[in-house]
There are 2 protein chains.
Amino acid sequence: MGNSERLEGEASIIAEFFAPLTDGDPGAAGLVDDCAVLTLAPATDLVVTTDSLVEGVHFLPGDIPSFKALAVNVSDLIAKGATPERYLLNLALPEPPTRAFMTRLAEGLAEAQQTFGCHLIGGDTDRTPGPFTLTITAIGSLPAGSVVRRTTARPGDIIAVTGTIGDAGLGLALRKDPKSGRQAGLSADYAAFLISRFEKPVPRLAAAALVRDFATAAMDVSDGLAKDLARMASASGTGANIQIEKVPLSDGARIMCSQGFVRREDLIASGEDYEVLFTLSTDRWPAFQSVASTTGVPVTALGTMTQDDGVSWRDSYGGAMPLTTGGWDHF
Amino acid sequence: MGNSERLEGEASIIAEFFAPLTDGDPGAAGLVDDCAVLTLAPATDLVVTTDSLVEGVHFLPGDIPSFKALAVNVSDLIAKGATPERYLLNLALPEPPTRAFMTRLAEGLAEAQQTFGCHLIGGDTDRTPGPFTLTITAIGSLPAGSVVRRTTARPGDIIAVTGTIGDAGLGLALRKDPKSGRQAGLSADYAAFLISRFEKPVPRLAAAALVRDFATAAMDVSDGLAKDLARMASASGTGANIQIEKVPLSDGARIMCSQGFVRREDLIASGEDYEVLFTLSTDRWPAFQSVASTTGVPVTALGTMTQDDGVSWRDSYGGAMPLTTGGWDHF
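Source: prediction; values computed, not measured.

Caption draft 1: Structural context of the relation of the copies chain A and chain B. Of the transformation superimposing chain A on chain B, the axial component is 0.0 Å and the angular component is 180°, with the fit at an RMSD of 0.0 Å. Such a combination of rotation and displacement between the chain copies is what one expects of a two-fold axis. The position closest to the rotation axis in chain A is occupied by the C-alpha of Gly130 of chain A, lying 1.9 Å away. Take the interface residues of chain A: 100% of them recur as interface residues in chain B, which is what a same-surface contact looks like.

As structure tokens, then:
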């Protein structure tokens, strides 16, 4: 039977492609039952999150972003200080899938769950007259009472972010218009890096413990740094003072900026970074930097939470720099 | 602002329509964070299930089946012996919703969660170029180690089912062709009952404890009794011997059968009953019946699990009755 064969029967699709992803967890019962069971360690809280990816809305037609679907949910868990453990998958398909399609989809999940240390415990597979849609519900755990919310930043706290900002937005732009990279003199390696940041984001697992141990507030950066920082400030009842020059950029992003293909203020609005935005006390910053460097998580301080309302972005001379581009909103 | 106004902004939709459904659970944090936190009672296992309803596939165009979306997931929990506690909602909408649409959707959820004793803790709202889709992930709990699987029925066990079978299938038929009910001499009350079994199924909460205390195996009846029984027998490595005359029918379903509008064998294939199919030891049947009658859960014995392979449906003379209609399968 060839790779283009259309597969018949929900049960056989589950048995062949999804049951192996349960890693033998008895709570998943080989996916032959309708429910999964979770037995929990004492003094542990569960953290649950869910996100859908819709073809043509969240990913380019023809892509099979199963790795990314798990990654974006793991990103939410990590930003709360939680360790990913298990996930459920709802799959909506416009037609019976081919073997080649299911193989790629399962391979992406297998790689992602190995990368993030979690496994499949359940889900649902449906036909839809609409687009291919992947919904993941991810479950993590953390010591009871240690969750870190976005609502608890305080005036005076340092604002920091992991990794670099804007790579995924540039990666998407390069997917849509590959020649723009060559016009900017971007090497093939840098272009591949930016595209991989869009297609296959890898949230920083080691950041979960840093968040729990140091952060006063935290969230992942998924809809653009500018928009997500404004949300954190608003949810915390603070303002924020940020120097745009401090926003960390990758070498590839720097080249695209310096060649005039994108502005720094576009990058902070571009979304899908899947880095952690967090705040912490100024007096804990030295200890934090020392621990972060041993864990290999790159971190950059961007500015300070304030008593004022709203987020003030500053240029390198300290002048106010009103933003002209927003972040992602569905409605 | 009128009811036909299109609502703008995911955050304001969440704050107005969904945050009140969290019932003040601090773990839901008013839905302003990306994750929910669950703190668990000791010696408790969690049970998790997820199901999507897609417009035009699982429900009629124009319907807003938010009550049903929660009910079908609660049905899975109850059939495992679990008590519903919390749920997440993924909503995919083809256009910005009107206030009237969101109001009806939230009212359906509010009524369902009050009926089932659970509340919203999180979710995701997305635009889609496809149909309106509701995905619920429901979380229940039960005493540690007490989950009841579909895989553990034994030869000799009695096969039983709660409630009546085939009503929802008839309700769907009446929605599509209202005059068929009048032609069969069905009263308006019976027609309304059958339609409500399709539109607003109410899984029997009291069955959860019965399942835990008595059942050797259990699952909900969602894709047709015939198909679901075959699945249970196959998963348990048993066969089954069933008398079709014993399948419990409501008065409305009896009228539709007696007038020749449907056959009993169509009803056992018609799906969406959301009753509990379960097995138990013959020696526990008297004690079970006595407890079931005090809890008000109607139960009917249908037949017996066997050592053979496959399910044998028998007519009232004991003759073999091969089924000609299957149950629901997406692929």
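Caption draft 2: Quick look at the sheet that holds strand β5 (residues 133–143) of chain B. Taken in spatial order, the five strands make up an open sheet running β1(A)-β2(B)-β5(B)-β3(B)-β4(B), and their pairing is mixed. Strands with a single pairing partner mark the edges of an open sheet, and in this sheet they are β1 (36–39) of chain A together with β4 (119–127) of chain B. Strand-to-strand, the axes of this sheet are offset by a mean angle of 20°, without reference to chain direction.

Caption draft 3: How the structure looks around the pairing of strand β8 (residues 239–243) of chain B. Residue and element names in this part refer to chain B. With burial as the criterion, only one face of β8 is covered, namely that bearing Ala240 and Ile242; the residues Gly239, Asn241 and Gln243 on the opposite face remain uncovered. Pairing between β8 and strand β10 (residues 299–306): four bridges, direction antiparallel. Following the sheet pairing, Asn241 is matched in β10 by Thr304. Taken together, the five bridges between β8 and strand β11 (residues 310–314) define a ladder with parallel strand orientation.

Caption draft 4: Fine view of the packing of helix α4 (residues 167–176) of chain B against helix α6 (residues 188–199) of chain B. Residues and elements named next belong to chain B. Packing of α4 against α6 leaves a shortest axis separation of 7 Å and a crossing angle of 105°. Taken together, the axes of α4 and α6 lie roughly perpendicular to each other. Residue-level contacts link Asp167, Ala168, Leu170, Gly171, Leu172, Leu174 and Arg175 of α4 to Ala191, Leu194, Ile195, Arg197, Phe198 and Glu199 of α6. When its residues are assigned to classes, the contact of α4 with α6 shows eight nonpolar, one polar and four charged.

Caption draft 5: Looking closely at the interface of chain A and chain B. The interface is formed by 59 residues belonging to chain A together with 59 residues belonging to chain B. Elements represented by at least two residues in the side of chain A that touches chain B include exactly α1 (10–18), β1, β2 (44–54), α2 (66–79), β3 (83–93), β4 (119–127), β5 (133–143) and β7 (217–221) of chain A. Here the side of chain A that touches chain B takes nine residues from β2 of chain A, the largest share from any one element. Residue composition of the side of chain A that touches chain B, grouped by class: 27 nonpolar, 17 polar and 15 charged.

Thresholds applied
- Residues numbered from 1 in each chain as written.
- Chains lettered and ligands numbered in written order.
- Predicted model: local features only at pLDDT ≥ 70, side-chain atom pairs only at ≥ 80, totals over all residues.
- Least-squares fit on C-alpha atoms with pLDDT ≥ 70 in both.
- Contact = placed C-beta atoms within 7 Å.
- Pairing = 2+ DSSP bridges.
- Helix = DSSP H or I, 4+ residues; strand = E, 2+ residues; numbered from the N terminus.
- Axes fitted to C-alpha atoms, helices over the stretch in contact; angles between N-to-C directions.
- Buried ≥ 20, exposed ≤ 12 C-beta atoms within 10 Å, placed from the backbone.
- Parallel < 35°, antiparallel > 145°, perpendicular 65-115°, else oblique.
- Nonpolar A, V, L, I, M, F, W, Y, C, P; charged D, E, K, R; others polar.

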